[in-house]
Amino acid sequence: MKYLKKLLSIFSSSIENPEELSHIVAADEQISRFIFSSDHFKVKGDSKRVLYPAFLPSEKTGTASVYRTVALNELEIWGIDKKYISGMRRDEKVSKGRADVIAKVILENGLSLIPLSEPHPRHADISNYPGEKGQIRLIAMKIAEASTLVLKPTYESNR
Amino acid sequence: MSALTATYDKFPFVLPLNKAVGSASAIVTKKLLDIREKRRGMLTFSLPKDLCGEAAYIQERCSLLGWDGYDARPITKAELAAAIRFAELLPDGIVQPEIIPEPSGQLGFLWSIGQGKSFSVTPGTDGNLVYAGILGKKEISGQLPFNNEIPQEITLNLFEFYRKS
């Protein structure tokens, strides 16, 4: 038990103090978009895919919230979700999975990745979506196609 | 008669093109749509019925603000009606799309066959539809008016890439 607590504290420290992260998102960084709606991904047998609405921006903010998950293991990534994403919600909604994509795909489509410090130092926004709705959708489709769906272990075991 | 197109191919379909006006055009349009409805029954072609049921189920699930865990707008009954209308106008002989709720509060139709070929269309209550497609090397996107027919730009792509085999 002591060992586990120590291990968890090491993980927490590396998650919450990501000293290695630059103020500019690098093209080779892994970016994760947490997905709460099972309508935004498809799982059929061994085939898993992310659907474009997962990368459509919020109409309220014009951005899509993501996390910089470079150099984190699965336990650490889901730890961020538990504490800062699903864990901060008041409606008890929990994420069902996430779409992992390399930052380059987002940047190459003319979008920006803006690091944010709240609620977590690894939080960032995809911004600078174009004004034309069809263009936004096309970009979201391209990012979704380049993404890898990772189901949350608890969601996968309950399916 | 120039108002309408009736095509018979490997997979027959009827595609009304409401470009003309006048009572004769209206009569022929109605007759063509009747033929189409009858044929659907004969072929036990259940695409619109399945899609409408699916759309209604999704609308119910996504009727609250923030249903996507972010800031998604609620999907209203009016948006459901726009989606059903679109589903009913879809030409025969194309593969069945998936219905996908979108953060804008609309219901999108997605056709997807493997990697590198996806086409999505979202009809809205504002009288427009938004579309985008990655069709091999071809990428398309835009917004078109949606009234009593599905624009040709959409149907032609559906027949080119998503024809039932």
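Please refer to the structure placed before this passage.
Attention in this report is confined to the structure presented alongside it. (Residues numbered from 1 in each chain as written. Chains lettered and ligands numbered in written order. Predicted model: local features only at pLDDT ≥ 70, side-chain atom pairs only at ≥ 80, totals over all residues.)

### As for unusual backbone geometry
Residue and element names in this part refer to chain A.
Phase 1 of the analysis: Proline 119 follows glutamate 118 through a cis peptide bond whose omega is -5°.
Phase 2 of the analysis: Residue glutamate 92 is not a glycine yet carries a positive backbone phi of 65°.
Phase 3 of the analysis: When you line up the elements, glutamate 92 lands in the loop between α2 (74-85) and β5 (97-102).
Phase 4 of the analysis: Its identity as a non-glycine residue notwithstanding, asparagine 128 has a phi of 70°, on the positive side.
Phase 5 of the analysis: Checked against the element boundaries, asparagine 128 lands in the loop between β7 (123-127) and α4 (133-146).
Phase 6 of the analysis: Given 16 C-beta atoms within 10 Å, asparagine 128 falls into the partly exposed group. (Helix = DSSP H or I, 4+ residues; strand = E, 2+ residues; numbered from the N terminus. Buried ≥ 20, exposed ≤ 12 C-beta atoms within 10 Å, placed from the backbone.)

### Considering the nonpolar core
One recurring pattern in soluble globular proteins: nonpolar side chains tend to sit buried together.
Phase 1 of the analysis: The biggest cluster of nonpolar side chains holds 67 residues, and the ones touching the most others in it are Tyr52, Ala54, Phe55, Ile106, Ala140 and Ala144 of chain A together with Ala83 of chain B.
Phase 2 of the analysis: When residues of this core are assigned to their parent elements, the largest contribution, 7 residues, is made by α4 of chain A.
Phase 3 of the analysis: Residues within four places of phenylalanine 55 of chain A in sequence aside, it is in contact with Arg33, Ala64, Ala140, Ile143 and Ala144 of chain A. (Core = buried A, V, L, I, M, F, W, Y, C linked by C-beta atoms within 7 Å. Contact = placed C-beta atoms within 7 Å.)

### Digging into the pairing of strand β6 (residues 128-135) of chain B
Residue and element names in this part refer to chain B.
Phase 1 of the analysis: Most of β6 sits out of view: 6 of its 8 residues are buried.
Phase 2 of the analysis: Pairing analysis gives 7 bridges linking strand β5 (residues 117-123) to β6, with the strands arranged antiparallel. Looking at β6, one finds that phenylalanine 119 is bridged to glycine 133.
Phase 3 of the analysis: What sits between the antiparallel neighbours β5 and β6 is a turn of 4 residues, in which glycine 127 has the positive phi angle 85°.
Phase 4 of the analysis: Looking at chain direction, β6 and strand β7 (residues 138-145) are connected through 8 bridges and run antiparallel. Bridging from a neighbouring strand, tyrosine 131 pairs with glycine 142 of β7.
Phase 5 of the analysis: The turn joining β6 and β7, which pair antiparallel and follow one another in sequence, is formed by 2 residues; a positive phi near 70° is taken by glycine 136. (Pairing = 2+ DSSP bridges.)

The analysis is restricted to geometry; functional conclusions fall outside its scope.
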